[in-house]
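Reading the structure
The primary structure of each chain is shown beneath.
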Amino acid sequence: MNILLLGSGGREHALAWKLAQSKQCDQLFIAPGNAGTALCGKNVAIKATDFDAVKKFVLEQTIGLVVVGPEEPLVKGIVDFFRKDEALKEVVIIGPSQYGAQLEGSKAFAKKFMEKYNIPTAAYKEFDKNTYAEGIAYLQQHPLPIVLKADGLAAGKGVLICQSNLEAVAEFELMLQQNKFGDAGNKVVVEAFLDGIELSVFILTDGKEYVVLPEAKDYKRIGEKDSGLNTGGMGAVSPVPFADEVFMKKVEDRVIRPTVEGLNAENIDYKGFVFIGLIKVGEEPMVIEYNCRMGDPETEVVMPRLKTDLVDLLLATDSGKLGTIKVEQDSRSACTVMAVSGGYPGNYEKGFVISGLDQELPADSLIFHAGTGLSASDEVVTSGGRVLCVTSFGNNIPAAVSKSRSVLNNIDFEGMYYRRDIGYEFE
Ligand code: AMP
Ligand code: GLY
């Protein structure tokens, strides 16, 4: 069948790489893609949120399966758009309905859902303009630190961890009275701070059954030893050493199963990935957030470790047959290390030529492009903050990381930076 993948980051290159290996994949198209996805299929210049252009392309190319990489088209209702359209309703599309995508698109919705289905998460309260005064009083007596979250999508910037009550009150005011995050901040969730170590767990679900994919840990800070500003993600490892069998059983019993039971009980149309952001507090898993898509850069380690055919998994998700599929995982460790533009996550320049992409790669290393494009003379150039990542396998995390570092050592572009310490706690 012909497949269309929406998105353009490192996650999409890893998904494209995996989809292209399926025996069921005839032609793979990526919209809009990057210079790396062009090596797995054909890029098409369509924005993932331009639903009418997507529709036209799907019909022209007789696409049978649409895979949505990023959250924005899902939160904007692309799945409902397909389901309601006479010409598109038979096309398989992977992702939740707009209602289900609120698990990511509205923090208040996600917190209510967790509360209703007894899923462990930080204690919270939500406020809006009408309850502003109560919110201030609540913040003034709240133990520190205080976590403030803009309800809606805020490009990864909507979570603030405040170290004083005064700071929390000031930020709360900025969100609700000064529109700091635009409409995303019309509601604010205030929650207790959880102290522990984070990991990302992924499932594919049809809203009734589910399969668990390899878990991963990402490294969000720009600086080594997790210092400096937050980024989209500087690297990831999988499996996660502290996510042992006992811990993962707790995750399944207390988080995954109740989440899917909740989707079912609420009759939510959800056929897609759920990314569960967890924090291990003591020995207990607590949910920090849900996302309605795969993680980036987690996908760049999850897809390489997944041995099962991805198209088989996605079609089983659509047809309610997930219960018949067993997920096979590579038992080796995988890591990915992200190379970013100089200045990222602040301002950076684009358009620098990338060298070293044609090097002979070790058998257990892969390069995934994120922010790359082609120049007028067909050279691969930088086009974003996160530029590319190198994923490698090893018998343990340090071995995998050291392979990725040696590949990166041969890659260069002006201002290139990467963290040399991904996986440092597992040495
Ligand atoms: P989110 O945008 O929901 O992914 O949150 C961004 C980051 O904020 C998370 O990855 C955590 O590191 C941190 N965070 C969010 N909620 C909490 C919490 N309740 N306690 C501690 N850290 C949190
Ligand atoms: N790596 C975190 C995310 O994709 O949101």
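In short, a report on the structure.

Rules and cut-offs
Residues numbered from 1 in each chain as written. Chains lettered and ligands numbered in written order. Predicted model: local features only at pLDDT ≥ 70, side-chain atom pairs only at ≥ 80, totals over all residues. Heavy atoms only, no water. Near = heavy atom within 4 Å. Polar contact = N/O pair within 3.5 Å; in protein donor to acceptor, adjacent residues only side chain to side chain. Areas by Shrake-Rupley, 256 points an atom, 1.4 Å probe, with all protein chains shown as cover. Helix = DSSP H or I, 4+ residues; strand = E, 2+ residues; numbered from the N terminus. Axes fitted to C-alpha atoms, helices over the stretch in contact; angles between N-to-C directions. Parallel < 35°, antiparallel > 145°, perpendicular 65-115°, else oblique. Contact = heavy atoms within 4.5 Å. Patch = residues over 30% accessible without salt bridge, like charges linked within 9 Å, V, L, I, M, F, W, Y side chains within 5 Å. Salt bridge = Lys/Arg side-chain N within 4 Å of Asp/Glu carboxyl O. Nonpolar A, V, L, I, M, F, W, Y, C, P; charged D, E, K, R; others polar. Buried < 20%, exposed > 50% of the residue type's maximum accessible area, 1.4 Å probe, protein only. Pairing = 2+ DSSP bridges.

Description of the site of ligand 1
- The immediate surroundings of ligand 1 are formed by 13 residues, with Glu191, Leu194, Glu198, Lys220 and Glu289 found nearest.
- The separation between a nitrogen atom of ligand 1 and a polar side-chain atom of Glu191 is 2.6 Å.
- The separation between an oxygen atom of ligand 1 and a polar side-chain atom of Lys220 is 3.0 Å.
- Taken by itself ligand 1 offers 480 Å² of open surface, and the protein chains cover 87% of this.
- Breaking the shell around ligand 1 down by element, the ones donating at least two residues are β7 (146-150), β8 (159-162), β9 (187-192) and β17 (284-291).

What to know about unusual backbone geometry
- For the bond from Ala31 to Pro32, the omega torsion is -5°, close enough to zero to count as cis.
- Tracing the sequence through the fold places Pro32 in strand β2 (residues 28-32).
- Cis rather than trans, the peptide bond between Leu144 and Pro145 has omega equal to -15°.
- As for its placement among the helices and strands, Pro145 is situated in the loop between α7 (132-140) and β7.
- If you check the backbone angles, Asp226 has positive phi at about 55° while not being a glycine.
- Here Asp226 is to be found in the loop between β13 (221-223) and β14 (227-230).

As for the packing of helix α1 (residues 10-20) against helix α11 (residues 310-319)
- Axis separation between α1 and α11 bottoms out at 7 Å; the angle between their running directions is 95°. Taken as axis vectors, α1 and α11 run roughly perpendicular relative to one another. Residues Leu15, Lys18 and Leu19 of α1 lie in contact with α11, whose contacting residues are Leu310, Val311 and Leu314.

Comments concerning a nonpolar patch on the surface
- On the surface, Val159, Ile161 and Phe193 cluster together into a nonpolar patch covering about 240 Å² of accessible area.
- Within the secondary structure, Phe193 is located in the loop between β9 and β10 (197-205).

Re the site of ligand 2
- By nearness alone, every residue bordering ligand 2 is listed as Asp218, Gly232, Phe275, Arg293, Gly295, Asp296, Pro297 and Glu298.
- In this structure, Arg293 approaches ligand 2 through a side-chain N or O atom, which is 3.0 Å from an oxygen atom.
- Within the side chain of Glu298, one N or O atom sits 2.8 Å away from a nitrogen atom of ligand 2.
- Within the complex, 86% of the 200 Å² of free accessible area of ligand 2 lies under protein.
- Taken together, the residues of the shell around ligand 2 break down into 2 nonpolar, 2 polar and 4 charged.

A word on the pattern of salt bridges
- Taken as a whole and assessed by the stated rule, the structure comprises 30 salt bridges.
- Its salt-bridge partner being Arg83, residue Asp269 comes within 2.7 Å of it at the nearest N-O pair. Within this pair, whereas Asp269 is found in the loop between α9 (245-265) and β16 (270-281), its partner Arg83 is found in helix α4 (residues 78-84), the two being separated by 186 residues in sequence.
- A relative accessible area of 30% places Asp269 in the partly exposed class.
- Among the salt bridges present, the one from Lys250 reaches Glu284, with a minimum N-O distance of 3.3 Å. Of the two residues, Lys250 sits in helix α9 while Glu284 sits in strand β17, which places them 34 residues apart along the sequence.
- In this structure Lys250 comes out as buried when scored by relative accessible area, which is 18%.
- Glu284 gets classed as partly exposed once you look at its relative accessible area, which sits at 30%.
- In the salt-bridge network here, residues are joined through shared partners; they are Lys23, Asp309 and Asp312.

Remarks on the environment of Ser404
- Along the chain, the position of Ser404 falls in helix α12 (residues 397-409).
- Separated by 221 residues in the primary sequence, Ser404 and Asp183 have C-alpha atoms spaced 41 Å apart.
- Leave out the neighbours within four places in its chain, and Ser404 touches Cys335, Val337, Val390, Thr391 and Ser392.

Quick look at the sheet that holds strand β12 (residues 217-218)
- Ordered by their spatial adjacency, 5 strands build an open sheet running β12-β15-β18-β22-β19, and the pairing between neighbours is antiparallel. The open sheet is flanked by β12 and β19 (365-369), the only strands paired with a single partner.
- The pairing of β19 with strand β22 (residues 386-394) spans 5 bridges and is antiparallel. Within β22, the residue paired with Ile367 across the bridge is Val390.
- Each of β15 (235-238), β18 (333-340), β19 and β22 touches α12; the most contacted strand, β22, lies at about 135° to it.

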